[in-house]
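If you want the building blocks of each chain, they are given just below.
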Amino acid sequence: SAVTALPASIPTGRVLQVVNSTNGSNASTSTQSYVSYLTATITPSSTSNKIFIVFSGNGYANTKTIQVALFRGGVSDTRLNTSVVYNGSSSTTAYQTQPLGLSDVDSPSTTNAQTYTIGFRPVGGDVYAQIGEAGYSTVQNLTLMEIAG
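All residue numbers here refer to positions counted from 1 along the written sequence of the relevant chain. A pLDDT threshold of at least 70 governs which residues receive local features in this predicted model, and a stricter bar of 80 or more applies before side-chain atom pairs are shown or counted, although totals over entire chains, interfaces and linings include all residues. To obtain the side-chain values, all non-hydrogen atoms of the structure were included, while hydrogens and water were left out.

A.B. asks: What is the right way to look at the overall build of the chain in this model?
C.D. replies: Labels follow the DSSP assignment, with helices taken as runs of H or I lasting at least four residues and strands as runs of E lasting at least two, numbered in each case from the N terminus. A tally of regular secondary structure across the chain gives zero helices and ten strands. Residues counted as buried form 40% of the 149 residues belonging to the chain. For the chain, restricting intrachain contacts to residue pairs at least 6 apart in sequence, the fraction spanning at least 24 positions comes to 80%. For every accessible area listed, the method is Shrake-Rupley and the probe measures 1.4 Å; residues are considered covered only by the protein chains on display. When the accessible area of the chain is evaluated, it comes to approximately 7500 Å², of which 49% is carbon and sulfur surface. Only protein chains enter the area calculation, which uses a 1.4 Å probe; residues under 20% of their type maximum are buried, those over 50% are exposed, and those in between are partly exposed. We call two residues in contact whenever any of their non-hydrogen atoms come within 4.5 Å of each other.

A.B. asks: Quick question: what am I supposed to make of unusual backbone geometry here?
C.D. replies: In most cases, non-glycine residues show a negative phi, while peptide bonds are predominantly trans. Of note, S109 is a non-glycine position whose phi angle comes to about 55°, a positive value. Within the secondary structure, S109 is located in the loop between β7 (98-106) and β8 (114-122). Given the relative accessible area of 52%, S109 is considered exposed.

A.B. asks: Help me understand the sheet that holds β8, please; the structure alone is not making it clear to me.
C.D. replies: Pairing between the strands of a sheet is mediated by backbone hydrogen bonds and can be parallel or antiparallel. Paired strands are those between which DSSP finds at least two bridges. If you trace the four strands from one edge of the open sheet to the other, you get β3-β8-β5-β6, paired in antiparallel fashion. The open sheet has two edge strands with one neighbour each: β3 (35-42) and β6 (78-86). Averaged over all adjacent pairs, the angle separating strand axes in this sheet is 20°, with direction ignored. Sheet topology places β3 next to β8; seven bridges connect them, and they run antiparallel. Considered in β8, the bridge of T39 is made with T117. Note on geometry: axes are C-alpha line fits, over the in-contact stretch for helices, and angles between N-to-C directions span 0 to 180 degrees.

A.B. asks: Explanation requested: the environment of F55 in the structure shown.
C.D. replies: Within the secondary structure, F55 sits in strand β4 (residues 50-61). Separated by 62 residues in sequence, F55 and T117 place their C-alpha atoms 9.8 Å apart.

A.B. asks: How should I be thinking about the nonpolar core in this particular structure?
C.D. replies: Across soluble globular proteins, you tend to see nonpolar side chains buried next to one another. To qualify as a nonpolar core, a set must consist of buried Ala, Val, Leu, Ile, Met, Phe, Trp, Tyr and Cys residues joined through side-chain atoms within 4.5 Å. F55, I66, I118 and L144 are the most contacted members of the largest nonpolar core, which totals 22 residues. Those elements that provide at least two residues to this core are β3, β4, β5 (65-72), β7, β8, β9 (129-131) and β10 (140-147). Setting aside residues up to four positions removed in sequence, F55 forms contacts with L38, V68, L100, G101, L102, I118, Q140, N141 and L142.

A.B. asks: Looking at this structure, I do not really get the side chain of T143. What am I missing?
C.D. replies: Note that T143 resides in strand β10. Contacts of T143, omitting those with residues within four sequence positions, involve V18, V19, N20, F52, I53 and V54.

A.B. asks: How do you make sense of the pattern of salt bridges when you look at a structure like this?
C.D. replies: Pairs may arise between side chains of opposite charge once their charged atoms sit close together. Here a salt bridge means any side-chain nitrogen of Lys or Arg lying within 4 Å of a carboxyl oxygen belonging to Asp or Glu. Per the counting criterion, the structure on display carries one salt bridge. Across the pair D106 and R72 runs a salt bridge, and its minimum N-O distance is 2.7 Å. Of this pair, D106 sits in strand β7 while R72 sits in strand β5; the two residues are 34 residues apart in sequence, bridging distant segments of the chain. Using a relative accessible area of 26% as the deciding quantity, one classes R72 as partly exposed.

A.B. asks: Just to check I follow, could you spell out the packing of aromatic side chains for this structure?
C.D. replies: Within a pair of aromatic rings, the relevant descriptors are the distance that separates the centres and the angle that separates the planes. Any two rings among Phe, Tyr and Trp, with Trp reduced to its six-membered ring, count as a pair given centres within 6.5 Å; such a pair is stacked if its planes are under 30 degrees apart, edge-to-face if over 60, and tilted if neither. On inspection of all chains with the given rule, the structure shows three aromatic pairs. Aromatic side chains Y37 and F120 sit 6.3 Å apart centroid to centroid with 85° between the ring planes, which places their arrangement in the edge-to-face category. You can see Y37 sitting in strand β3 and its partner F120 sitting in strand β8, a full 83 residues away along the chain. By relative accessible area, which is 8% here, Y37 ends up buried. Ring geometry for Y60 and Y128: centres 6.4 Å apart, planes at 40°, overall tilted. Here the residue Y60 occupies a position in strand β4, and Y128 occupies one in the loop between β8 and β9, the gap between them amounting to 68 residues.

Remember, this is a structural readout, not a statement about activity or role.
Set out below in structure tokens:
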């Protein structure tokens, strides 16, 4: 049987590995500080590679605004990106679940394992925010893709 040699270099832009983390539980907070909800860890194979990060889920806040953020490390480490979802302007729309989404490209410049965390918090005075939909088992996803640099 013939042995096929691997290419000397991998073309840039190619996806080298994918890590997916899910959470089907609801989580809520009554604090203005970010609360950790979902994490995933990936180990880049080269210092020149990038990590493409995508989060999708749903949630709401009784302040009518929920803020979701992506961190390299934990919620007290480097914040990479933030998404704000406005739920509505009246008490009848304040608790309606809204889609949450966030993506970013990170250049960690290391071959050490990198953990990425989705944190969330309410924005405003009447403090309450939830990820997930009460009474339903919705699944939130955090996907990491190593991209050849």
